[in-house]
Amino acid sequence: MTQNRRHMWDDRELPGTDTAYRRRALSPSSCLFAFLVFAALTCGGCQTSLPPLPNPPGPKTAVRLSPGDTIKVSYSDETIPDQTQKIRRDGKVSLPLLGELTAAGKRVADFQGELVSLYEPQLEKSEVLVTLESGAANVIVSGFANKPGKLSFDRPTTVFQAIMEAGGVSDYGSVSNIHLTRLINGEQRTETLNLKPAIRGKPTKPKYVQDGDVIYISRSWF
């Protein structure tokens, strides 16, 4: 008789215990915790839009000399042979009668005008012609690209073309969350780009790369 009552009491307790467990599982604090976890995961994939970089280069942007470029200086005065030199890492070249001069960062026409002014008091014919024999823009494509790495371009190249040259965006990459980082006046500046319209064939204004740019393809969370 005592055993039967004990079993009956246990049977009455089990439903109440299960109900209390479900109440604890669905308590407001548990729901709040689940919501915060979901919000954190969602915001982790949110895109942070960064403003456009100032003075973007274009296909007709005047070329500025950079270290590693090869220039040719042709003289109208026959007493000085023509010079073909590669701009050193410090941005300088060494020319007859003038010594070391900074060429990097200057437009070809401006550097040519500077040489004419410097040679004028020293030569009867001070006219010189400066031409860019070879020059390449080195760009790094990193993140979720199929073939990340350092690329070199000898002609105007867009961000879209550079990424395609790196094998395109991988399956885990986001075509709408691409960061373009550029060194401007000694500071690193970053812009967020969305290439989804371009990939879908919609008309878009191209963004051109320049020497030293870093393109980072972010992870896609969806």
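Each remark here, short or long, concerns the structure printed above.
Structural notes, computed from the coordinates.

Rules of the game
Residues numbered from 1 in each chain as written. Predicted model: local features only at pLDDT ≥ 70, side-chain atom pairs only at ≥ 80, totals over all residues. Heavy atoms only, no water. Salt bridge = Lys/Arg side-chain N within 4 Å of Asp/Glu carboxyl O. Buried < 20%, exposed > 50% of the residue type's maximum accessible area, 1.4 Å probe, protein only. Helix = DSSP H or I, 4+ residues; strand = E, 2+ residues; numbered from the N terminus. Core = buried A, V, L, I, M, F, W, Y, C linked by side-chain atoms within 4.5 Å. Contact = heavy atoms within 4.5 Å.

Before going further, it helps to examine the pattern of salt bridges. Considering all chains together, one arrives at six salt bridges under this definition. Between R107 and D110 there is a salt bridge, with its nearest N and O atoms 2.8 Å apart. In this structure D110 comes out as partly exposed when scored by relative accessible area, which is 38%. For K207, the salt bridge identified is with E191, shortest N-O distance 3.2 Å. With K207 in the loop between α5 (196-199) and β10 (214-219) and E191 in strand β9 (residues 187-193), this pair connects stretches of sequence that are 16 residues apart. Judged on exposure class, the residue K207 and its partner E191 are both buried. Taken together, the salt bridges that share partners define one network made up of R88, D90 and E100.

Taken as a class, soluble globular proteins show a tendency for nonpolar side chains to be buried jointly. By size, the foremost hydrophobic cluster in this structure holds 18 residues, and its most contacted members are V73, L95, F111, L115 and Y119. Within the residue set of this core, elements represented by two or more residues are β1 (70-75), β3 (92-95), α3 (108-119) and β5 (128-134). The element best represented in this core is α3, accounting for four residues. Excluding residues within four positions of it along the chain, L95 makes contact with V73, Y75, Q83, Q85, L101, F111, L115 and Y119. V141, A145, V169 and V209 belong to the second-largest nonpolar core, a separate cluster that totals 17 residues.

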